[in-house]
Amino acid sequence: MNSDGPYDPPEGALSPLNPGPMKLVLNRRGSTVWEVKTELGPYAVKVGYASKTHAWTALAPAREAAILRQLTRERILSGEWERGTWSAQPWRKGDSLYELWEPHRFESEPTVPDVGEALSCAVALAALHEKGWVHGDVQPAHFILGRTAGTFLIDLALARGGAVPRGYDFPYRGCLVHYEAPEISASVLESGTAMPTRESDVYALGASLFISATGWRHVDYPDDASREDQRRAIVAGPHRPVNVPGVLGSLVPHMLSRAPADRPSSAEVCETLSAAL
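Throughout, residues of each chain are indexed from 1 in the direction in which the sequence is written. Local features in this predicted model are restricted to residues of pLDDT 70 or higher, and side-chain atom pairs are both shown and tallied only at a pLDDT of 80 or more, whereas totals for entire chains, interfaces and linings draw on every residue. The side-chain figures draw on all heavy atoms in the structure; neither hydrogens nor water molecules are used.

A.B. asks: I would appreciate a short explanation of the side chain of Ser200 in the present structure.
C.D. replies: Starting at the N terminus, helices and strands are each numbered in turn, a helix being any DSSP run of H or I of at least four residues and a strand any DSSP run of E of at least two. One can find Ser200 in helix H6 (residues 198-214). Only protein chains enter the calculation, and the probe is 1.4 Å; a residue is then buried if its accessible area is under 20% of its type maximum, exposed if over 50%, and partly exposed in between. Classification of Ser200 as buried rests on a relative accessible area of 6%.

A.B. asks: In this structure, what is going on with the pattern of salt bridges? I would like to understand it.
C.D. replies: Pairing between side chains of opposite charge can happen when the charged atoms of each approach one another. For salt bridges, the criterion is a side-chain nitrogen of Lys or Arg within 4 Å of an Asp or Glu carboxyl oxygen. Throughout the structure, instances matching the rule amount to 12 salt bridges. Arg217 is the salt-bridge partner of Asp223, the closest N and O atoms lying 3.1 Å from each other. Given a relative accessible area of 70%, Asp223 falls into the exposed group. Looking at Arg217, the relative accessible area reads 16%, which means it is buried. Taken together, the shared-partner salt bridges in this structure form one network comprising Lys23, Glu35 and Lys37.

A.B. asks: What am I meant to see in helix H9 (residues 266-276) here?
C.D. replies: An α-helical segment advances 3.6 residues per turn. Residues three or four places apart therefore align on the same side. Considered for burial, the residues of H9 that qualify are Ser266, Val269, Cys270 and Leu273. Viewed end-on, H9 has its buried residues packed into an arc of 100°, placing them on one side of the element. H9 presents Glu271 and Ala275 as exposed residues on the side facing more than 90 degrees away from its buried surface. Should any heavy atoms of two residues lie within 4.5 Å, those residues are counted as being in contact. Those residues of H9 that are buried are in contact with helix H4 (115-130), H6 and helix H8 (248-255). To obtain the arc, one takes the directions from the helix axis to the C-beta atoms.

What follows is the structure, encoded as C-alpha cells:
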C-alpha cells in the first residue's frame with residue numbers, strides 16, 4: 001500500500017459495526033470509501049487522509065459526521081486514525097442523477113428527462129436549506145435516487161450552517177469546479193477561499209441538471225485545463241445554451257444566472273418543477 005491508499009477501515013470503525021463482507025467503492029483525493037454489511041444494513045465507511053494536494057481531506061469524514069449528527073437521528077460514527085479521521089453512516093442505495101439520465105444524452109439533442117426525478121433532487125436540496133444549511137458541494141454524483149427510499153443528497157463534508165468541532169473544521173476552498181457559481185470561482189481565484197450560499201447551491205443544481213441531461217459542462221473549457229483556467233472561464237462566462245427540452249429548458253438558465261439575486265430559491269425551483277408534472 002502506498003501513501004495514496006486505498007486504506008482499510010480502522011479497527012475503531014469496524015468494532016462498533018460488527019461487520020460482515022466489505023467492498024471497496026472509491027479511493028481518490030484523500031478518501032477511501034467502503035461499503036460494509038452490518039446487522040443494521042449496509043454502511044458507508046469513509047477513511048480520510050491527506051492527499052498530495054489537499055490536507056483537509058484527512059479531516060473531512062469527521063467533519064461530515066459532526067454535521068450529519070445535527071441533521072439526522074441515524075447512527076453516525078466517527079473517530080481518528082493515524083493518517084486522519086474516519087466516519088460510518090448508513091449506505092444510500094440507488095443511482096446518481098448522472099447515471100440515471102444517461103439514456104437522455106445524445107450528440108445532437110437530448111430527450112426530455114424525468115421532471116419528477118429533477119424535482120426529487122430539488123426537494124432534497126431545499127430540505128437542507130430549510131434546516132439552515134448550505135451544501136457547498138452540489139454535483140450530480142451527490143444526488144442518489146433510490147427506487148423505494150427516495151432521493152438523498154450525500155457528501156456533506158463541505159457544508160456550512162452550524163457548529164463544527166474546531167479540530168475538524170477547515171476553510172471552504174471551492175468544490176468540483178464544473179459546478180461552481182461565478183462568485184465562488186472569483187473568490188477562490190482572489191483569496192483562495194469562498195463562502196458557499198444557498199444561491200451558489202442553486203447554481204450548482206442547475207449545472208448538475210444541465211450536464212446530466214446533455215453530457216456537457218455548462219461552461220466550455222478544455223478537458224485538460226487547470227483548475228485556475230476552469231475558474232477563469234466560469235467567471236468570464238457565458239454558459240453554454242441550454243437546449244434541454246421541457247421545463248428545464250427555461251428553468252436551468254434562470255438557475256445559472258450570473259447574479260446570485262437573480263436565481264430562484266431552491267423552494268422556487270421545487271414549485272416550478274411541481275407545476276410541470
